[in-house]
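# Descriptive structure summary
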Amino acid sequence: FPVTIATDEEMSVLLNAKLDGQDCVFRDLFCISYLTLLRVSDVMRIKSVVPYQTGGKTFIRVHTQKTGDLIVIPVGERLSILLSRIKNAIFNFQESDINPGLKKIFTDLDITRVVEVVKHINHHGQIRKEFQSVPVCELVTMHWARRSGITSMVTSGMPMHIVMRFSGHKTE
């Protein structure tokens with residue numbers, strides 16, 4: 001079972017934090033990935049996505065880079081705010097800068113809950129599992145935003161086929 005990097009409470013702390021510049025952009029990208037289940041490659045292209053309305057509801061369409069699938073994502077209030085903020089953001093960084101930035105943001109915001117992770121150790125050709133306690137601020141990455149969002153949706157009772165449709169997964 002995947003470790004949920006950001007709990008709902010931690011996401012609230014993250015969303016409400018007063019951040020500036022690049023830290024704000026990194027946080028917003030993380031939160032967009034969490035809410036949309038998009039991969040980092042798709043979140044990095046989110047500025048060009050134009051929301052549309054149908055039946056009184058707002059949606060975005062994203063052609064995913066990895067699979068080429070067209071995913072339609074409902075846009076709630078939190079996502080709408082993030083999308084409007086990111087639209088004017090300056091992306092003067094590399095994708096490789098985001099994860100170290102997120103680790104710093106989580107540390108600065110004291111999102112340091114300790115979780116247990118399994119590390120696979122190769123010892124003379126034998127793979128053994130080793131359990132380690134690690135603060136989430138050391139584990140956080142853009143990919144974990146997506147996995148956390150998926151985990152949150154599944155544990156909140158959303159049907160698996162719906163989560164799979166949003167995340168682009170073909171199998172459980």
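Now for a look at the structure at hand. (Residues numbered from 1 in each chain as written. Predicted model: local features only at pLDDT ≥ 70, side-chain atom pairs only at ≥ 80, totals over all residues. Heavy atoms only, no water.)

## Let's talk about the overall build of the protein chain
Convention followed: Helix and strand definitions follow DSSP, with helices as H or I runs of at least four residues and strands as E runs of at least two, each counted in order from the N terminus. It is over C-alpha atoms that the radius of gyration is taken, and the globule rule equals 2.2 Å times the number of residues to the power 0.38. Here the term buried applies to any residue with accessible area under 20% of the maximum for its type, exposed to any over 50%, and partly exposed to those in between, with areas from a 1.4 Å probe on protein chains only. For this analysis, residues touch if any pair of their heavy atoms sits within 4.5 Å.
Each helix and strand in the protein chain was counted, giving 8 helices and 5 strands. Beginning at the N terminus, the succession of helices and strands in the protein chain can be written as α-α-α-β-β-β-α-α-β-β-α-α-α. Over its C-alpha atoms the protein chain spans a radius of gyration of 17 Å, differing by no more than 12% from the 16 Å that the globule rule assigns to 172 residues. Reported as C-alpha extents along the three principal axes, the dimensions of the protein chain are approximately 55 × 40 × 30 Å. In the protein chain, buried positions account for 44% of the 172 residues. Taking the intrachain contacts of the protein chain between residues at least 6 apart in sequence as the baseline, contacts between residues at least 24 apart amount to 59%.

## Some thoughts on the nonpolar core
Applicable threshold: Residue types Ala, Val, Leu, Ile, Met, Phe, Trp, Tyr and Cys, when buried and joined through side-chain atoms within 4.5 Å, form a set referred to as a nonpolar core.
The biggest cluster of nonpolar side chains holds 45 residues, and the ones touching the most others in it are Leu29, Phe30, Ile46 and Phe106. In terms of residue count, helix H2 (residues 21–36) provides more of this core than any other element does, 8 residues in total. Residues in contact with Phe106, not counting those within four places in the same chain, are Ile5, Leu14, Phe30, Ile111, Val136, Cys137 and Val140. Judged by nonpolar contacts, the second largest core, of 6 residues, contains Ile150, Met153, Ile162 and Phe166.

## Observations regarding the sheet that holds strand S2 (residues 57–63)
Definition in use: The criterion for strand pairing is that DSSP finds at least two bridges linking the strands in question. In this description, a line fitted to the C-alpha atoms serves as the axis of each element, helices being fitted only across the stretch in contact, and the angle between N-to-C directions of two axes falls anywhere from 0 to 180 degrees.
In spatial order, the strands read S1-S2-S3; together these 3 strands make up an open sheet with antiparallel pairing. If you trace the sheet from one side to the other, it starts and ends with strand S1 (52–54) and strand S3 (70–74), each paired once. Put simply, the sheet's adjacent strands are angled 40 degrees from each other on average, direction ignored. Sheet topology places S2 next to S3; 5 bridges connect them, and they run antiparallel. Along S3, the bridge assignment pairs Phe59 with Pro74.

## Digging into H2
Here is the rule: Between the first and last residue of a helix there are one fewer steps than residues, each counted as 1.5 Å, and that sum is the expected span.
Between its first and last C-alpha, H2 extends 23 Å over 16 residues, near the 22 Å set by a 1.5 Å rise per residue. The element H2 is extensively covered by neighbouring structure, given that 12 of its 16 residues are classed as buried. Taken from the residues just after H2, Leu37 is the one with a positive phi, measuring 70 degrees.

## Focus: the layout of surface pockets
Keep this limit in mind: Two kinds of site are reported from a 1 Å grid over the protein atoms alone, namely cavities, where a 1.4 Å probe fits but cannot get out, and pockets, open sets with protein on both sides within 12 Å along at least five of seven lines, and residues are called lining when an atom falls within 4 Å of a point. Grid points are joined across faces, edges and corners, and a volume is the space filled by probe spheres set on the points. The classification used treats Ala, Val, Leu, Ile, Met, Phe, Trp, Tyr, Cys and Pro as nonpolar, Asp, Glu, Lys and Arg as charged, and all other residues, Gly among them, as polar.
Empty space within the second largest pocket amounts to approximately 180 Å³. In terms of lining, the second largest pocket is formed by Asp8, Met11, Tyr34, Leu35, Pro74, Arg78, Gly149, Ser152, Met153, Met158 and Phe166. Of all the secondary-structure elements, those providing two or more residues to the lining of the second largest pocket are helix H1 (8–16), H2 and helix H7 (142–155). Among the elements that line the lining of the second largest pocket, the one with the most residues is H7, at 3 residues. Along the lines of polarity and charge, the residues of the lining of the second largest pocket split into 7 nonpolar, 2 polar and 2 charged.

Functional significance is not addressed by these values, which are geometric in nature.
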